[in-house]
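Residue-level structure breakdown
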2 protein chains.
Amino acid sequence: MKKPADLDAIFAALADPTRRQILMMLLEDDMAVTDVAAPFEMSLAAISKHLAVLAEAGLISQERRGRVKWCKLEPDAMRAASVWIQGFGLFDPLDLDAFELFLRSELPETLPESD
Amino acid sequence: MKKPADLDAIFAALADPTRRQILMMLLEDDMAVTDVAAPFEMSLAAISKHLAVLAEAGLISQERRGRVKWCKLEPDAMRAASVWIQGFGLFDPLDLDAFELFLRSELPETLPESD
DNA sequence: TCGATATTCAACCGCATGGTTGAACATGCA
DNA sequence: TGCATGTTCAACCATGCGGTTGAATATCGA
């Protein structure tokens, strides 16, 4: 059950550069804890704690298979943060245009023709 | 010059519910420090510190006019965070629909009729 | 069973954070 | 000038965070 935590935990988790980098690594593929830790110059235990923070925030899930604990990106929690920010409606026309283009190119069939 | 700070500071600033509430208040209008503090059950000094954190992150700017220090929302920093999150490209069709509706209702004149 | 591998636990450290209080500093007004 | 208003400063406190190290736990493979 990967319920997204509250915004406090999500934003706090995103506030650390190591954790953001971990999330980007997980964007490519699921990873074991040891492999996540490999590129960093800190102890495995430290990375393990970072992963716990990310899991607590709902940003990743962890599934143990044998000795290995696999870490998987969970987009829902991040979406909650994104939605909060977008609630500010602070896009200006330029950005809106770009985003509109992104939307159309990405998922054209979900956009209504016009009103 | 209100340069947006790095993501560390921005996300950390957003991780506190008091600060998020302040940002939402500033969405409606610029406010003086005392008026920002009014709805909260904590000391003025505490709010002043929160505002300093928000300003340090570039999320607001503060301009002193006379005795009064006016606080103003600065969307650029928040956009930086939004862009980082959106870099994950994790929108699914359902949410996209909702977001499209939000866009159309919020800023109808900036959306092209259709291609 | 034994050793190697994968991960966490527990205790500790230094430092930042979020809050308090009371005093200090500026500015506006009579 | 003198007082009230608006805001911050400084010191302090409790708590949490990011990191370390060394030991503990669990699983795999020979």
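The written sequence of each chain sets the order in which its residues are numbered from 1. Chain letters start at A and ligand numbers start at 1, both assigned in the order the entries are written. Only residues with pLDDT of 70 or above have their local features reported here, since the model is predicted, and side-chain atom pairs are shown and tallied only from 80 upward, although totals for entire chains, interfaces and linings are computed over all residues. With hydrogens and water excluded, all non-hydrogen atoms of the structure serve as input to the side-chain values.

Going by the annotation in an unreviewed UniProt entry, the name recorded for chain A is DNA-binding transcriptional ArsR family regulator, with Albidovulum inexpectatum given as the source organism.

**Some words on the protein's contact with DNA strand D**
Where we set the bar: Throughout, near means a residue has at least one heavy atom within 4 Å of the molecule or strand. Pairs of N or O atoms within 3.5 Å make up the polar contacts considered here, provided that, within protein, one atom can donate a hydrogen while the other can accept it, and that residues adjacent in sequence are counted only when both atoms are side-chain atoms. Numbered from the N terminus, helices here are DSSP runs of H or I no shorter than four residues, and strands are runs of E no shorter than two. Note on residue categories: nonpolar means Ala, Val, Leu, Ile, Met, Phe, Trp, Tyr, Cys or Pro, charged means Asp, Glu, Lys or Arg, and polar means any other residue, Gly included.
By nearness alone, 21 residues border DNA strand D, and Lys49(A), His50(A), Thr34(B), Ser48(B) and Lys69(B) come closest of all. Sugar plus phosphate: this is where 66% of the atoms of DNA strand D within 4 Å of the protein reside. In this structure, a phosphate oxygen belonging to DNA strand D sits 2.8 Å away from a side-chain N or O atom of Ser43(A). Take Lys69(B): an N or O atom from its side chain is 2.6 Å from a phosphate oxygen of DNA strand D. Of all the secondary structure elements, the ones that give two or more residues to the surface near DNA strand D are helix H4 (44-56) of chain A together with helix H3 (33-37), helix H4 (44-56) and strand E3 (68-73) of chain B. Here the residues of the surface near DNA strand D sort into eight nonpolar, five polar and eight charged.

**A closer look at the side chain of Thr18(B)**
Residue and element names in this part refer to chain B. Short version of the rule: Between buried and exposed lies partly exposed: a residue is buried under 20% and exposed over 50% of the maximum accessible area for its type, with that area taken using a 1.4 Å probe on protein chains only. Any two residues whose heavy atoms approach within 4.5 Å at even a single point are treated as in contact.
With respect to the helices and strands, Thr-18 occurs in helix H2 (residues 17-28). Thr-18 sits in the buried class, given a relative accessible area of 12%. Once residues within four sequence positions are removed from consideration, Thr-18 is found in contact with Phe-40, Met-42, Ile-47 and His-50.

**With respect to the packing of H2(B) against H4(B)**
To describe two helices that pack against each other, one gives the angle between their axes and the distance between the axes. Residue and element names in this part refer to chain B. Applied cut-off: Every axis in this analysis is a line fitted to C-alpha atoms, fitted for helices over the stretch in contact. Angles between the N-to-C directions lie between 0 and 180 degrees. Here the angle decides the label: under 35 degrees means roughly parallel, over 145 means roughly antiparallel, 65 to 115 means roughly perpendicular, and every other value means oblique.
Where H2 meets H4, the axes come as close as 10 Å, and the angle between the chain directions of the two elements is 75 degrees. Looking at the two axes, H2 sits roughly perpendicular to H4. Of the residues in H4, those in contact with Thr-18, Arg-19, Ile-22 and Leu-23 of H2 are Ile-47, His-50, Leu-51, Val-53 and Leu-54. A per-class count over the contact of H2 with H4 returns six nonpolar, two polar and one charged.

**Focus: the packing of helix H5 (residues 75-86) of chain A against helix H5 (residues 75-86) of chain B**
Cut-off, in case you're wondering: Crossing handedness is read from the near helix: turned anticlockwise from the far helix by less than a right angle, it gives a left-handed crossing, and turned clockwise, a right-handed one.
Between H5(A) and H5(B), the least distance of the axes is 10 Å, while the angle of their chain directions is 145 degrees. As for how H5(A) packs across H5(B), the hand of that crossing is left-handed. Of the residues in H5(B), those touching H5(A) at Met78(A), Ala81(A), Ser82(A), Trp84(A), Ile85(A) and Gln86(A) are Met78(B), Ala81(B), Ser82(B), Trp84(B), Ile85(B) and Gln86(B).

**A word on the sheet that holds E3(B)**
All names here are of chain B. Worth spelling out the cut-off: Any two strands between which DSSP finds at least two bridges are classified as paired.
Taken in spatial order, the three strands make up an open sheet running E1-E3-E2, and their pairing is antiparallel. Edge positions in the sheet fall to strand E1 (31-32) and strand E2 (60-65), since each has one partner strand and no second. Pairing analysis gives six bridges linking E2 to E3, with the strands arranged antiparallel. Bridging across to E3, Ser-61 finds its partner in Lys-72. The strands touched by H4 are E2 and E3; relative to E2, the strand with the most contacts, the crossing angle is about 120 degrees.

**Description of helix H2 (residues 17-28) of chain A**
For clarity, the threshold we go by: One less than the residue count of a helix, multiplied by 1.5 Å, gives the span that helix is expected to have.
With 12 residues, H2(A) should reach 16 Å at 1.5 Å per residue; the first-to-last C-alpha distance of 18 Å fits that figure. The residue sitting at the N-terminus of H2(A) and contributing the capping side-chain oxygen is Asp16(A); that oxygen lies 2.8 Å from the backbone nitrogen of Thr18(A).

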